[in-house]
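Here is what each chain is made of, one letter per residue.
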Amino acid sequence: MIPAIFLDRDGVINIDTGYVSTSERFQFNKDIFSVLSLLQKTFKLFIITNQSGIGRQYFSEINFLTLTKWMLSIFACHNITIEKVYYCPHTPEDNCLCRKPLHGLITQAHEEHRIDLKNSWLIGDKESDISCALNAAIPNSILISKKPHTLTKTPPNFIQVPQVADIPSTIKKTIYGQ
């Protein structure tokens, strides 16, 4: 079994400007390439993302898949391997099982890749991402936010950082005590 990093897309991989569906509107977060380059030495990388813009018909699934293919090609140019991108195309009103904070996307990744959830991490910028980690029994999570969180329950190893650049040192401290 392999440990993984589950990354939210909008707000972690890229700046969240709302319903990003084209490469022209996609801006990678500062430091994401150096952070993922370091993390992939120990973990397999997966992206899990809610994409309700598809269900709301703001953009098509083909638009999303085209953008995803482009994004993965940019990662490949930086020698970063994303194992797979899992996405929920539904709106909150659809009450599906794959939309975060439910754990359907993680369950699917776990079944397909034999992931060691106990030694995995979920990194997100919304409280629903952290709740997803809880629901999937992932004990390690990082919330990227400058605002104080309002979660009543967090995973055992929950950390909040203000920016993507703080992720490696946070994980090193937790895993290696450095």
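Details of the structure are given in the entry above.
Predicted model, so just to flag it, every value in this text is computed and none were measured.

## A few points about the pairing of strand β6 (residues 157-161)
Next, step 1: Burial runs high along β6: four of the five residues are buried.
Next, step 2: Sheet topology note: the strand β5 (residues 140-144)/β6 ladder contains five bridges and is parallel. The residue bridging Ile-144 from the neighbouring strand is Val-161, located in β6.

## Re the packing of aromatic side chains
Geometry of an aromatic ring pair is reported as the spacing of the ring centres plus the angle between the planes.
Next, step 1: Within this structure, the stated rule accounts for 10 aromatic pairs.
Next, step 2: Centre to centre, the rings of Phe-26 and Trp-70 are 5.5 Å apart; their planes meet at 80 degrees, and the pair counts as edge-to-face. Separated by 44 residues along the polypeptide, Phe-26 in the loop between β1 (4-7) and α1 (32-39) and Trp-70 in helix α3 (residues 61-77) bring together distant segments of the chain.
Next, step 3: Phe-26 gets classed as buried once you look at its relative accessible area, which sits at 6%.
Next, step 4: Members of the aromatic cluster, joined through ring pairs, are Phe-26, Phe-28, Phe-33, Trp-70 and Phe-75.

## A few points about the pattern of salt bridges
Next, step 1: This structure, assessed with the given rule, holds eight salt bridges.
Next, step 2: The partner of Arg-9 in a salt bridge is Asp-10, and the shortest N-O contact between them spans 2.9 Å.
Next, step 3: The exposure class of Asp-10 is buried, given its relative accessible area of 11%.
Next, step 4: Each of Asp-8, Lys-100 and Asp-129 takes part in one network of salt bridges that share partners.

Rules used in this analysis
- Residues numbered from 1 in each chain as written.
- Predicted model: local features only at pLDDT ≥ 70, side-chain atom pairs only at ≥ 80, totals over all residues.
- Heavy atoms only, no water.
- Buried < 20%, exposed > 50% of the residue type's maximum accessible area, 1.4 Å probe, protein only.
- Helix = DSSP H or I, 4+ residues; strand = E, 2+ residues; numbered from the N terminus.
- Pairing = 2+ DSSP bridges.
- Phe/Tyr/Trp six-rings, centres within 6.5 Å; stacked < 30°, edge-to-face > 60°.
- Salt bridge = Lys/Arg side-chain N within 4 Å of Asp/Glu carboxyl O.

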